[in-house]
Amino acid sequence: MDTVVKSMLEEDPDEKKGLTLFGRDLSKIPCFRESFLYGIASGIGVGVASFLKTSKPFLSQHIGVGTFAISTLVYWSYCRYEWSKQRFDAQLMQEALKDKIRYEGTAVEKELEQKGILKTV
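Residues numbered from 1 in each chain as written. Predicted model: local features only at pLDDT ≥ 70, side-chain atom pairs only at ≥ 80, totals over all residues. Heavy atoms only, no water.

Focus: the state of the cysteines
Using the following cut-off: Two cysteine sulfur atoms make up a disulfide if the distance between them is within 2.5 Å. The helix count covers DSSP runs of H or I at least four residues long, the strand count covers runs of E at least two residues long, and both are numbered beginning at the N terminus.
Tallied over the entire structure, the rule returns one disulfide. With a sulfur-sulfur separation of 2.1 Å, cysteine 31 is cross-linked through a disulfide to cysteine 79. Taking the sign of the S-S torsion, about -75° here, the bridge from cysteine 31 to cysteine 79 comes out left-handed. Of the two residues, cysteine 31 sits in the loop between β2 (24-25) and α2 (32-54) while cysteine 79 sits in helix α3 (residues 57-103), which places them 48 residues apart along the sequence.

Following this line, the structure appears as structure tokens:
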């Protein structure tokens, strides 16, 4: 099931609160966890690799932190773009299903089927 559909369906009032920053629960922000995990892993990996190659700890720290920041921002942007596409598609599907249910068995349904707007299964 898509993450957008899951987030629309899951609304438990008994859920425990996560880490809060500026009044927002960070666990509720889409793509936050994944982007930081990818950023941390890539920053550590590239930092260690640069240290093994150059044996300069300060340069390796800078390279690792830079890689962390860049990879986090890139993955965050990609993930949010995909999330918004899925959310938009889910909203279109909901509207289409509401229209299908609304017009089912009426003369309007037959007109829409003839135009090719609605399809029967």
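After that view, the rundown keeps rolling.
Some words on α2
Note the threshold: Take the number of residues in a helix, subtract one, and multiply by 1.5 Å to get its expected span. Relative accessible area decides the class of each residue, using a 1.4 Å probe on protein chains only: under 20% of the type maximum gives buried, over 50% gives exposed, and in between gives partly exposed. Every residue pair with non-hydrogen atoms within 4.5 Å of one another is taken to be in contact.
For α2, built from 23 residues, the straight-helix expectation of 33 Å at 1.5 Å per residue is met to within 8% by its first-to-last C-alpha distance of 32 Å. If you check which residues of α2 are buried, you get Ser35, Gly39, Gly43, Gly47 and Ser50. Residues of α2 that are buried sit in contact with α3.

Here's the deal with the packing of aromatic side chains
For the record, the criterion: For Phe, Tyr and Trp, rings pair up if their centres lie within 6.5 Å, where Trp contributes its six-membered ring, and each pair is then called stacked (planes under 30 degrees apart), edge-to-face (over 60) or tilted (otherwise).
Applying the stated criterion across every chain yields a total of four aromatic pairs. With centroids separated by 4.7 Å and ring planes inclined at 40°, the aromatic side chains of phenylalanine 32 and phenylalanine 36 adopt a geometry described as tilted. Of the two residues, phenylalanine 32 and phenylalanine 36 are both situated in helix α2; the distance of four residues between them amounts to about one turn of the helix. Ring geometry for tyrosine 38 against tyrosine 75: centres 4.6 Å apart, planes inclined by 55°, an arrangement best described as tilted.

Purely geometric stuff here, so don't read any function into it on its own.
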